[in-house]
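Here are the chains, one letter per residue:
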Amino acid sequence: MADSSFAQAQQRVVARHQARQAQAAAHLAAQRQRTQRLPYPLHQLASGWGAVTSREGTRPAFRVGQIDAELLDQEMLELLRGQVNDALKYFSGGHLADDWLPEISLALRAVLFKLTVWDHDATYGAALQNLRYSDARTRGPVLVPPSKWQKSLHGLVSVFGDYAWTKWEAWLLDDGDDYDQPNTRRRLLSRATSALSTAYSAAACASFLAFLLHGRYRTLLDRALRMRLAAPTSQVSRDVSFEYLNRQLVWHAMTEFLLFMLPLLGIHRWRRWLSRTWKKTTDMMHVGADENGKVAARGELAFLPERTCAICYQDQNSVATTETEVMAAASSGGVIGSADTDVTNPYEAMPCGCIYCFVCLATRLEREEGEGITCLRCGELVKECKPWNGDVVESTNRSSSSKTVAFSDELADDSNPDDPKV
């Protein structure tokens, strides 16, 4: 393009811009003339309505970025509050964080305000959106940072105002005795507080609607102090990044898929198989061979007496697991030989034949869902059980109907070998 053609194009652009400005000024002047013809109270309302609905000279910033900045600031405050609660949950029985929650929030808000708005004229969320606070009273192409008194009032209301309002509501709700009615003064203060809260909510809603229209003041506090969030440069990307949202969706989908697949894979079954295999391997490494060269099967509680249920002992005395510890516990009045660990309603494990309580053995087998358990006495795999056919010693005198139930080790020491065994 020749230089003359480019200059002519620039002139046409300037002419169209001037014509557009002249047309807007004429429209504004005609509107003012129409409003001035109205009676006294109405022309002021009409001019105010025109100022509200007009978009001339507003220069709105990115509305989505301003709202995202506020949400990011709230999320950061919640994360910091959660970390402080986790750090204080081991003090005073875990009630320290709940008792001092308003003070903790006050300290966190004060620190965040000092490190963000006071030092850098922008919160962390606003900085991520490339936005900074500026003084809206000054009009010009260059943004002017807010003054110290504006930031001081902003911090006083946003930090200490929230704390004072929380304590005020807590004082109104604290009636002392729950059975007594609150006094007249407190009831009046509660009504006034409720009315004030309703009025503030209505004003905040109207301010937010004006923000959606103009895009200047995000909150009611910013509107009162004439502080607005704006980009320090016009070269700002207005594209919304969905990278973190996509990442969250991917992780959520993977978590849902794992929660669906884990019950189908049978994690508990594989865990039992691995633990059983590891136990057999360790037993083979630590247990020696017998006279025939075969490895003797031996459970972890094989040293217990036959009258003691190994499952009951394991549940009640999980500390002592070796024979030395068991003998020490027995000499000091432990659970061996007591009514709490003796076999009750004996049942025989299949195929090893070890004796357990019926309730203990049936509960363990049902819990494993058909996979079987490892016998605590011999180390074999047990999947079934049956009633124990114990050694019953009958007297030689047939006229007597008395019977004695004894264990096989006690029968081996009996000096009368002529007694019949059933």
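Nothing here was measured: the structure is a model prediction, and the numbers come from that model.

Reading the values: rules and limits
- Note that residues are indexed from 1 along each chain, following the sequence as it is written.
- Whole-chain, interface and lining totals are the exception, using all residues; otherwise, since this is a predicted model, local features are given only for residues with pLDDT of at least 70 and side-chain atom pairs are given and counted only at 80 or more.
- The basis for every side-chain value is the complete set of non-hydrogen atoms in the structure, without hydrogens or water.
- Counted as salt bridges are all cases of a side-chain nitrogen of Lys or Arg within 4 Å of a carboxyl oxygen of Asp or Glu.
- Secondary structure is summarised from DSSP: a helix means a run of H or I of at least four residues, a strand means a run of E of at least two, and numbering begins at the N terminus for each.
- Definition used in this section: a nonpolar core is a set of buried Ala, Val, Leu, Ile, Met, Phe, Trp, Tyr and Cys residues joined via side-chain atoms within 4.5 Å.
- Only protein chains enter the accessibility calculation, which uses a 1.4 Å probe; a residue is then buried when its area is under 20% of its type maximum, exposed when over 50%, and partly exposed in between.
- The contact rule is simple, with two residues in contact once any of their heavy atoms fall within 4.5 Å.
- Two rings belonging to Phe, Tyr or Trp (six-membered ring only in the last case) form a pair when the distance between their centres is within 6.5 Å. Interplanar angles under 30 degrees mark stacking, angles over 60 mark edge-to-face geometry, and anything in between is tilted.
- We call a charge positioned above a ring when the Lys NZ or Arg CZ atom is no farther than 6 Å from the ring centre and deviates by at most 35 degrees from the ring normal.
- When DSSP locates at least two bridges between a pair of strands, those strands are taken to pair.
- Orientation is described by axes fitted as lines to C-alpha atoms, over the contacting stretch for helices, and by angles from 0 to 180 degrees between their N-to-C directions.

### A few points about the pattern of salt bridges
- Tallied over the entire structure, the rule returns eight salt bridges.
- Here Glu 103 and Lys 167 are joined by a salt bridge, their closest N and O atoms 3.7 Å apart. Taken together, the residues span a long stretch of sequence, with Glu 103 in helix α5 (residues 101-120) and Lys 167 in helix α7 (residues 148-173) at a distance of 64 residues.

### As for the nonpolar core
- Counting 23 residues, the largest nonpolar core has Leu 301, Cys 309, Tyr 356 and Leu 361 as the members making the most contacts within it.
- Mapped onto this core, the elements with two or more residues apiece are α12 (310-316), β3 (346-350), β4 (355-357) and α14 (358-367).
- Sorting elements by how many residues they give to this core places α12 first, with four residues.
- Leaving out residues up to four positions away in the same chain, Tyr 356 has contacts with Cys 309, Ala 310, Ile 311, Val 343, Asn 345, Pro 346, Tyr 347, Ala 349, Leu 361, Cys 375, Leu 376 and Arg 377.

### Topic: the packing of aromatic side chains
- With the rule as written, the count across this model stands at three aromatic pairs.
- Judged by centre distance (5.9 Å) and plane angle (35°), the ring pair of Phe 208 and Phe 211 falls under tilted. With a gap of three residues between them, Phe 208 and Phe 211 both fall in helix α8 (residues 184-214), about one helical turn apart.
- Accessibility expressed as a relative area gives 0% for Phe 211, which makes it buried.
- Positioned above the aromatic ring of Trp 118 is the side chain of Lys 151, whose terminal nitrogen or guanidinium carbon lies 5.2 Å from the ring centre.
- The ring centre of Trp 171 lies 4.4 Å from the NZ or CZ of Arg 186, which sits over that ring.

### Let's talk about the sheet that holds β3
- Across the sheet, three strands lie side by side as β4-β3-β7; this open sheet has antiparallel pairing. Unpaired on one side and paired on the other, β4 and β7 (384-387) mark the two borders of the sheet. Sheet twist, expressed as the average angle between the axes of neighbouring strands with direction ignored, equals 45°.
- Relative to β4, β3 is paired through three bridges, and the arrangement is antiparallel. Across the sheet, residue Glu 348 finds its bridge partner in β4, namely Ile 355.
- Of the strands in this sheet, β3, β4 and β7 touch α14, which is tilted by about 90° from β4.

Purely spatial values, then, with no claim about function.
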